[in-house]
Amino acid sequence: MNGYGCLAAYYDRLMADFDYEGYLALLDREIEGTEGADLCCGSGAITVALAKKGKKMTGADISPEMLSRAAANAREAGVRPVFVEADATTFRPHKTVDFVTCVCDGLNYIRPKDLAVFFKNAACILEKGGKLIFDVSSEYKIKKIIADNVFFEDYDDVTYLWTNAPFKGGVKMELTFFIRDKDGKYIKQTEEHTQYAHTREDIENAMKDLFSFKAYDFSTMDEVSAKTARIVWVCERL
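Let us look at the structure shown here.

Each value, and the rule that gives it
- Residues numbered from 1 in each chain as written.
- Predicted model: local features only at pLDDT ≥ 70, side-chain atom pairs only at ≥ 80, totals over all residues.
- Heavy atoms only, no water.
- Pairing = 2+ DSSP bridges.
- Helix = DSSP H or I, 4+ residues; strand = E, 2+ residues; numbered from the N terminus.
- Axes fitted to C-alpha atoms, helices over the stretch in contact; angles between N-to-C directions.
- Contact = heavy atoms within 4.5 Å.
- Polar contact = N/O pair within 3.5 Å; in protein donor to acceptor, adjacent residues only side chain to side chain.
- Salt bridge = Lys/Arg side-chain N within 4 Å of Asp/Glu carboxyl O.
- Buried < 20%, exposed > 50% of the residue type's maximum accessible area, 1.4 Å probe, protein only.
- Arc of directions from axis to C-beta.

### Quick word on the sheet that holds strand 7 (residues 158-167)
Pairing is antiparallel across the open sheet formed by four strands, whose spatial order is 6-7-8-9. Of all the strands in the sheet, just strand 6 (150-154) and strand 9 (186-196) have a single pairing partner and so form its edges. Taken pair by pair, the neighbouring strands of this sheet meet at an average axis angle of 15 degrees, ignoring direction. Where strand 8 (residues 170-180) and strand 9 come together, 11 bridges link them in antiparallel fashion. Paired with Gly170 across the strands is Tyr196, a residue of strand 9.

So this is what it looks like as C-alpha coordinates:
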(Lines give C-alpha, C1' and ligand atoms only; values in the text may rest on other atoms or scores of the structure.)
Protein backbone atom coordinates (compact mmCIF):
# COMPACT_ATOMS: atom_id res chain seq x y z
CA MET A 1 0.00 0.00 0.00
CA ASN A 2 1.40 3.42 -0.93
CA GLY A 3 0.66 6.93 0.30
CA TYR A 4 -1.44 7.76 3.33
CA GLY A 5 -3.98 4.95 3.11
CA CYS A 6 -3.41 3.37 6.52
CA LEU A 7 -1.58 6.25 8.17
CA ALA A 8 -4.55 8.58 7.77
CA ALA A 9 -6.48 6.89 10.57
CA TYR A 10 -3.63 7.43 13.05
CA TYR A 11 -1.93 10.53 11.69
CA ASP A 12 -3.28 13.02 14.25
CA ARG A 13 -2.30 10.77 17.14
CA LEU A 14 1.19 10.20 15.81
CA MET A 15 1.65 13.93 15.15
CA ALA A 16 0.60 14.96 18.66
CA ASP A 17 4.06 16.36 19.44
CA PHE A 18 4.14 18.72 16.43
CA ASP A 19 4.04 22.36 17.55
CA TYR A 20 0.81 23.41 15.88
CA GLU A 21 0.31 26.18 18.44
CA GLY A 22 3.67 27.66 17.51
CA TYR A 23 2.82 27.45 13.84
CA LEU A 24 -0.55 29.12 14.36
CA ALA A 25 1.12 31.89 16.34
CA LEU A 26 3.41 32.47 13.35
CA LEU A 27 0.46 32.52 10.98
CA ASP A 28 -1.42 34.95 13.22
CA ARG A 29 1.55 37.33 13.04
CA GLU A 30 2.17 37.04 9.33
CA ILE A 31 -1.01 36.47 7.34
CA GLU A 32 -3.53 39.10 6.39
CA GLY A 33 -6.83 38.84 4.59
CA THR A 34 -9.63 36.36 4.97
CA GLU A 35 -9.18 33.71 2.25
CA GLY A 36 -6.48 31.07 2.23
CA ALA A 37 -5.39 27.79 0.67
CA ASP A 38 -3.67 25.06 2.69
CA LEU A 39 -1.65 22.86 0.32
CA CYS A 40 -0.74 19.30 1.33
CA CYS A 41 -3.33 19.85 4.05
CA GLY A 42 -3.25 16.27 5.34
CA SER A 43 -5.75 15.72 8.13
CA GLY A 44 -6.62 19.41 8.06
CA ALA A 45 -5.12 20.56 11.36
CA ILE A 46 -4.08 23.96 9.99
CA THR A 47 -7.05 24.27 7.63
CA VAL A 48 -9.50 23.66 10.46
CA ALA A 49 -7.66 25.86 12.98
CA LEU A 50 -7.66 28.81 10.58
CA ALA A 51 -11.31 28.21 9.70
CA LYS A 52 -12.10 28.40 13.43
CA LYS A 53 -10.40 31.81 13.42
CA GLY A 54 -12.85 32.98 10.78
CA LYS A 55 -10.73 32.43 7.66
CA LYS A 56 -12.37 31.13 4.51
CA MET A 57 -10.21 28.08 3.88
CA THR A 58 -9.64 25.55 1.13
CA GLY A 59 -7.51 22.50 1.90
CA ALA A 60 -5.91 20.51 -0.93
CA ASP A 61 -4.25 17.10 -0.73
CA ILE A 62 -3.64 14.15 -3.05
CA SER A 63 -4.72 11.55 -0.47
CA PRO A 64 -8.47 10.84 -0.36
CA GLU A 65 -8.00 9.05 2.98
CA MET A 66 -6.38 12.12 4.54
CA LEU A 67 -9.09 14.36 3.10
CA SER A 68 -11.74 12.12 4.63
CA ARG A 69 -10.01 12.51 7.98
CA ALA A 70 -9.79 16.28 7.46
CA ALA A 71 -13.50 16.52 6.71
CA ALA A 72 -14.28 14.57 9.88
CA ASN A 73 -12.05 16.87 11.91
CA ALA A 74 -13.79 19.91 10.43
CA ARG A 75 -17.23 18.54 11.29
CA GLU A 76 -16.12 17.86 14.84
CA ALA A 77 -14.81 21.43 15.12
CA GLY A 78 -18.02 22.88 13.73
CA VAL A 79 -16.44 24.58 10.70
CA ARG A 80 -16.90 24.07 6.97
CA PRO A 81 -13.73 24.59 4.95
CA VAL A 82 -13.65 23.23 1.42
CA PHE A 83 -11.46 20.17 0.83
CA VAL A 84 -10.24 19.28 -2.65
CA GLU A 85 -8.31 16.24 -3.88
CA ALA A 86 -5.50 17.91 -5.82
CA ASP A 87 -1.75 18.03 -6.29
CA ALA A 88 0.01 21.02 -4.70
CA THR A 89 1.80 21.79 -7.97
CA THR A 90 -1.39 22.11 -10.02
CA PHE A 91 -4.23 23.02 -7.63
CA ARG A 92 -6.07 26.22 -8.51
CA PRO A 93 -8.94 27.63 -6.45
CA HIS A 94 -11.80 29.43 -8.17
CA LYS A 95 -10.12 32.77 -7.45
CA THR A 96 -6.88 34.06 -5.99
CA VAL A 97 -6.42 34.00 -2.21
CA ASP A 98 -4.74 36.18 0.39
CA PHE A 99 -2.39 33.53 1.76
CA VAL A 100 -1.13 30.01 1.13
CA THR A 101 0.26 27.54 3.67
CA CYS A 102 2.07 24.23 3.23
CA VAL A 103 2.79 22.82 6.66
CA CYS A 104 4.77 19.92 8.11
CA ASP A 105 6.91 18.49 5.31
CA GLY A 106 4.51 19.01 2.43
CA LEU A 107 7.35 20.32 0.28
CA ASN A 108 9.53 17.30 1.11
CA TYR A 109 7.13 15.18 -0.92
CA ILE A 110 7.61 17.29 -4.03
CA ARG A 111 10.26 16.06 -6.44
CA PRO A 112 13.26 18.38 -6.91
CA LYS A 113 12.40 18.91 -10.58
CA ASP A 114 8.94 20.15 -9.53
CA LEU A 115 10.03 22.75 -6.98
CA ALA A 116 9.86 25.60 -9.48
CA VAL A 117 6.44 24.36 -10.63
CA PHE A 118 5.19 24.42 -7.04
CA PHE A 119 6.29 28.02 -6.48
CA LYS A 120 4.95 29.22 -9.83
CA ASN A 121 1.60 27.67 -8.98
CA ALA A 122 1.61 29.21 -5.49
CA ALA A 123 2.32 32.61 -7.03
CA CYS A 124 -0.62 32.16 -9.42
CA ILE A 125 -2.90 31.28 -6.52
CA LEU A 126 -1.92 34.35 -4.50
CA GLU A 127 -2.89 37.97 -4.74
CA LYS A 128 0.06 40.30 -5.24
CA GLY A 129 1.58 40.92 -1.80
CA GLY A 130 -0.04 37.75 -0.44
CA LYS A 131 1.90 35.50 1.90
CA LEU A 132 3.20 31.99 1.32
CA ILE A 133 4.30 30.22 4.51
CA PHE A 134 5.81 26.74 4.31
CA ASP A 135 8.41 24.52 5.93
CA VAL A 136 10.63 21.54 5.22
CA SER A 137 12.42 18.91 7.20
CA SER A 138 15.93 20.11 6.50
CA GLU A 139 18.62 18.29 4.58
CA TYR A 140 20.40 17.83 7.94
CA LYS A 141 17.32 16.25 9.54
CA ILE A 142 16.66 13.85 6.69
CA LYS A 143 20.27 12.76 6.24
CA LYS A 144 21.49 12.81 9.86
CA ILE A 145 18.41 12.17 12.01
CA ILE A 146 15.91 10.20 9.91
CA ALA A 147 18.03 8.21 7.44
CA ASP A 148 19.04 4.69 8.56
CA ASN A 149 17.01 5.03 11.75
CA VAL A 150 13.95 3.14 13.00
CA PHE A 151 11.13 4.78 14.98
CA PHE A 152 8.10 3.15 16.58
CA GLU A 153 4.95 3.80 18.59
CA ASP A 154 3.03 1.20 20.57
CA TYR A 155 -0.62 1.62 21.56
CA ASP A 156 -3.32 -0.82 22.63
CA ASP A 157 -5.02 -0.74 19.24
CA VAL A 158 -2.03 -0.25 16.92
CA THR A 159 1.74 -0.59 16.82
CA TYR A 160 3.73 0.94 14.02
CA LEU A 161 7.34 0.73 12.85
CA TRP A 162 8.91 3.41 10.68
CA THR A 163 12.11 2.43 8.84
CA ASN A 164 14.14 4.74 6.64
CA ALA A 165 16.44 3.86 3.77
CA PRO A 166 18.52 6.76 2.43
CA PHE A 167 19.17 7.43 -1.23
CA LYS A 168 21.15 10.24 -2.83
CA GLY A 169 18.32 12.74 -2.89
CA GLY A 170 16.40 11.87 0.25
CA VAL A 171 14.91 8.92 2.09
CA LYS A 172 12.54 6.04 1.36
CA MET A 173 10.22 5.45 4.30
CA GLU A 174 8.39 2.21 5.04
CA LEU A 175 5.64 2.30 7.65
CA THR A 176 4.40 -1.02 9.01
CA PHE A 177 1.21 -1.10 11.07
CA PHE A 178 -0.06 -3.90 13.27
CA ILE A 179 -3.73 -3.06 13.81
CA ARG A 180 -5.87 -4.90 16.35
CA ASP A 181 -9.26 -5.98 15.01
CA LYS A 182 -12.46 -6.52 16.98
CA ASP A 183 -11.41 -10.12 17.77
CA GLY A 184 -8.10 -9.05 19.26
CA LYS A 185 -6.06 -10.26 16.30
CA TYR A 186 -3.49 -8.00 14.67
CA ILE A 187 -3.57 -7.22 10.96
CA LYS A 188 -0.37 -6.10 9.25
CA GLN A 189 -0.45 -3.25 6.75
CA THR A 190 2.42 -1.36 5.13
CA GLU A 191 2.82 1.78 3.09
CA GLU A 192 5.75 3.62 1.55
CA HIS A 193 6.69 7.29 1.37
CA THR A 194 9.49 9.19 -0.31
CA GLN A 195 10.78 12.45 1.09
CA TYR A 196 13.33 14.60 -0.70
CA ALA A 197 16.17 16.41 1.07
CA HIS A 198 15.86 19.80 -0.60
CA THR A 199 18.72 22.18 0.08
CA ARG A 200 17.96 25.69 1.23
CA GLU A 201 19.75 26.99 -1.86
CA ASP A 202 17.61 24.92 -4.24
CA ILE A 203 14.39 26.07 -2.59
CA GLU A 204 15.33 29.73 -2.59
CA ASN A 205 16.59 29.62 -6.18
CA ALA A 206 13.27 28.10 -7.25
CA MET A 207 11.26 31.00 -5.82
CA LYS A 208 13.60 34.01 -5.95
CA ASP A 209 11.92 35.71 -8.94
CA LEU A 210 8.43 35.16 -7.55
CA PHE A 211 8.70 35.96 -3.84
CA SER A 212 10.66 37.92 -1.33
CA PHE A 213 11.37 35.67 1.63
CA LYS A 214 12.98 35.05 5.00
CA ALA A 215 13.94 31.67 6.46
CA TYR A 216 13.84 30.75 10.16
CA ASP A 217 14.67 27.84 12.43
CA PHE A 218 11.14 26.80 13.38
CA SER A 219 12.08 25.67 16.89
CA THR A 220 13.53 29.07 17.82
CA MET A 221 12.38 31.44 15.05
CA ASP A 222 16.00 32.58 14.88
CA GLU A 223 18.50 32.28 12.05
CA VAL A 224 18.86 28.91 10.37
CA SER A 225 21.92 26.94 11.50
CA ALA A 226 23.73 23.91 10.10
CA LYS A 227 21.77 21.71 12.53
CA THR A 228 18.33 23.24 12.10
CA ALA A 229 15.84 20.37 11.82
CA ARG A 230 12.86 22.28 10.44
CA ILE A 231 13.17 25.41 8.32
CA VAL A 232 10.16 27.66 7.82
CA TRP A 233 9.94 30.35 5.16
CA VAL A 234 7.76 33.45 5.28
CA CYS A 235 7.37 34.69 1.71
CA GLU A 236 5.58 37.58 0.02
CA ARG A 237 4.44 37.39 -3.59
CA LEU A 238 6.17 40.00 -5.75
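Okay, back to it.
### Considering the environment of Lys172
Inspection of the secondary structure assignment puts Lys172 in strand 8. Counting along the chain gives 24 residues from Lys172 to Asp148, while the straight-line C-alpha distance between them is 9.8 Å. When neighbours within four sequence positions are excluded, Lys172 is seen to be in contact with Thr163, Asn164, Ala165, Phe167, His193 and Thr194. There is a polar contact of 3.1 Å between the side chain of Lys172 and the side chain of Thr194.

### A closer look at the pattern of salt bridges
As enumerated under the stated definition, the model contains 10 salt bridges in all. For Asp105, the salt bridge is made with Arg230, and the minimal N-O distance between the two is 2.7 Å. Here Arg230 lies in strand 11 (residues 230-237) and Asp105 lies in the loop between strand 4 (97-102) and helix 5 (115-125), a separation of 125 residues in the sequence. What makes Arg230 buried here is its relative accessible area of 11%. Here Glu139 makes a salt bridge to Lys143, at a shortest N to O gap of 3.0 Å. Taken together, the positions of Glu139 and Lys143, both in helix 6 (residues 139-146) and four residues apart, correspond to about one turn of that helix. In this structure Lys143 comes out as partly exposed when scored by relative accessible area, which is 41%. Salt bridges sharing partners connect three or more residues here, namely Asp105, Asp135 and Arg230.

### Digging into the environment of Val100
Considering the arrangement of structural elements, one finds Val100 in strand 4. Between the C-alpha atoms of Val100 and Ile133, which are 33 residues apart in sequence, the distance is 6.4 Å. Beyond its immediate chain neighbours, meaning those up to four positions away, Val100 contacts Ala37, Leu39, Ile125, Leu126, Lys131, Leu132 and Ile133.

### With respect to helix 6
Residues of helix 6 that are buried include every one of Lys141, Ile142 and Ile146, and no others. What you see down the axis of helix 6 is that its buried residues fit within an arc of 95 degrees, all on one side. Against strand 5 (126-137), strand 6, strand 7, strand 8, strand 9 and strand 11 lie the buried residues of helix 6. Two residues or fewer past helix 6, Asp148 is found with a positive phi of approximately 70 degrees.

### Examining the pairing of strand 7
Alignment of strand 6 against strand 7, held across five bridges, turns out to be antiparallel. Opposite Glu153, over in strand 7, you have Tyr160 as the bridge partner. Following strand 6, the chain reverses through three residues before pairing antiparallel with strand 7. Where strand 7 meets strand 8, 10 bridges bridge the pair, whose relative direction is antiparallel. Within strand 8, the position partnered with Pro166 by the bridge is Val171. The loop that links strand 7 with its antiparallel partner strand 8 comprises two residues.

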